[in-house]
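Geometric and topological summary
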Amino acid sequence: MSKSWYMLQTFVGHEAKIERTIRALLEKKEINPEVVTDIKVPVEEVVEIKDGKKKSKRVNFMPGYLMVELDLPEIGWKEVCTSLRRVQGVTGFVGTNPNERPRAISAAEAKNLLQKIGVIKSEKSVRIKQTYVVGDVVKITDGPFASFSGNIEEVNEEKDKLRVNVQIFGRATPVEVSVLQVERV
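Within each chain, residue numbers correspond to sequence positions counted from 1 in written order. In keeping with the model being predicted, local features are shown solely for residues with a pLDDT of at least 70 and side-chain atom pairs are shown and tallied solely at 80 or more, while totals for entire chains, interfaces and linings include all residues. For the side-chain quantities, the full set of heavy atoms in the structure was used; hydrogens and water were omitted.

Another point: unusual backbone geometry. For residues besides glycine, phi is generally negative; the peptide bonds are generally trans as well. Of note, the phi angle at Ser 147 is positive, near 80°, even though the residue is not glycine. Only runs of H or I of at least four residues qualify as helices and only runs of E of at least two qualify as strands under DSSP, and these elements are numbered from the N terminus. Mapped onto the elements of the fold, Ser 147 is located in the loop between strand S8 (137–140) and strand S9 (149–156). A positive phi angle, near 55°, is found at Phe 169, a position not held by glycine. Tracing the backbone shows Phe 169 in the loop between strand S10 (161–168) and strand S11 (171–178).

We define a salt bridge as a contact between a side-chain nitrogen of Lys or Arg and a carboxyl oxygen of Asp or Glu at a distance within 4 Å. On inspection of all chains with the given rule, the structure shows 7 salt bridges. Connected via shared salt-bridge partners are Glu 19, Arg 23, Asp 38 and Lys 40.

Moving on to the side chain of Glu 19. Structurally, the position occupied by Glu 19 is in helix H1 (residues 15–27). Whether two residues are in contact is decided by their heavy atoms, any of which lying within 4.5 Å being enough. Aside from chain neighbours lying at most four places away, what touches Glu 19 is Ile 39, Lys 40, Val 41 and Leu 66.

To continue, consider the packing of aromatic side chains. Only rings of Phe, Tyr and Trp enter the pairing, Trp through its six-membered ring, and a pair is recorded when the two centres are within 6.5 Å. The plane angle decides the type: under 30 degrees is stacked, over 60 is edge-to-face, the rest tilted. Taken as a whole and judged by the stated rule, the model has 2 aromatic pairs. Both rings, one in Tyr 6 and one in Phe 93, keep their centres 6.3 Å apart while their planes meet at 80°; by these two values the pair is edge-to-face. One end of the pair, Tyr 6, is in strand S1 (residues 4–10); the other, Phe 93, is in strand S6 (residues 90–93), and 87 residues separate them in sequence. Each member of the pair, Tyr 6 as well as Phe 93, is classed as buried. For the pair Phe 145 and Phe 148, a centre-to-centre distance of 6.2 Å together with 70° between the ring planes defines the contact as edge-to-face. A simple rule labels every residue: compare its accessible area, found with a 1.4 Å probe on the protein chains alone, to the largest value its type can have, and call it buried under 20%, exposed over 50%, or partly exposed in between.

Think of a nonpolar core as a cluster: buried Ala, Val, Leu, Ile, Met, Phe, Trp, Tyr and Cys residues, connected wherever their side-chain atoms sit within 4.5 Å. Core analysis: the biggest nonpolar cluster contains 23 residues, and Ile 22, Val 36, Leu 70, Leu 72 and Leu 84 have the highest contact counts within it. Listing elements by their share of this core, those giving two or more residues are S1, H1, strand S2 (36–40), strand S5 (65–70), helix H2 (77–85) and S6. Beyond its immediate chain neighbours, meaning those up to four positions away, Leu 84 contacts Ile 22, Ile 31, Val 36, Val 68, Leu 70, Val 90 and Phe 93. In terms of nonpolar packing, the next biggest core, distinct from the first, is built from 13 residues, Ile 49, Val 166, Val 177 and Val 179 among them.

This part covers the pairing of S9. Pairing of S8 with S9, which is carried by 3 bridges, proceeds in the antiparallel orientation. Within the sheet, the bridge partner assigned to Lys 139 lies in S9 and is Ser 149. Pairing between S9 and S10: 6 bridges, direction antiparallel. Note on S10: the bridge partner recorded for Glu 154 is Arg 163. Pairing between strands requires that DSSP locate at least two bridges from one strand to the other. What sits between S9 and S10 in their antiparallel hairpin is a turn of 4 residues, with Asp 160 showing a positive phi close to 55°.

So, on to the sheet that holds S1. On the basis of which strands lie adjacent, the open sheet formed by 4 strands has the order S2-S5-S1-S6 and antiparallel pairing. Two strands bound the open sheet, and with one partner strand each, they are S2 and S6. For this sheet, the mean inter-axis angle between neighbouring strands, taken without regard to orientation, is 30°. Looking at chain direction, S1 and S6 are connected through 3 bridges and run antiparallel. Bridged to Leu 8 within S6 is Phe 93. Geometry is summarised by axes, namely lines fitted to C-alpha atoms with helices restricted to the contacting stretch, and by angles between N-to-C directions that run from 0 to 180 degrees. Of the strands in this sheet, S2, S5 and S6 are in contact with H2, which crosses S6 at around 150°.

Our focus in this paragraph is the pairing of S10. Judged by which residues are buried, S10 turns out to be one-sided: Leu 162, Val 164, Val 166 and Ile 168 face inward and are buried, whereas Lys 161, Arg 163, Asn 165 and Gln 167, on the alternate face, are not. Where S10 and S11 come together, 8 bridges link them in antiparallel fashion. Bridging across to S11, Leu 162 finds its partner in Val 177. Counted along the chain from S10 to the antiparallel partner S11, the turn is 2 residues long, and its residue Phe 169 has a positive phi close to 55°.

In structure tokens:
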């Protein structure tokens, strides 16, 4: 037996409630806590900038799914899986029929999802909701170019960077700034 992550399909919007229900069943020992070792709702922190203010909120990026870490035994796996499927709001394991042994997601997929959730630390675990497009006029609010204004020339969503064309000493100069360092004019 080895621990692996599985995807449990649920009703959309009921993920947190189902997680609480499963955790309660684990505490009451109605589901074996040695087999079901962890459960996660795939949510990420999103920073949105509105009216020059940063607002942080948690957003479910995989509605209708839960990540469940299981240490499934060769004998007796069906009872555990059946007890998880019987939780109100759970429709089943992704990619399998109810009478089949569930298939785990790959280690790379699990690592990627856990990084996005923030369980495994990565260089970027907070996503910034961008609302900027090429041609927008912005004012730089932070850094060495604070108080300069200019037009956006390029938007790099992967790195959350903008290339802004600002006037320095009467010349148009492109500068690269973070999305968090600008506000719309």
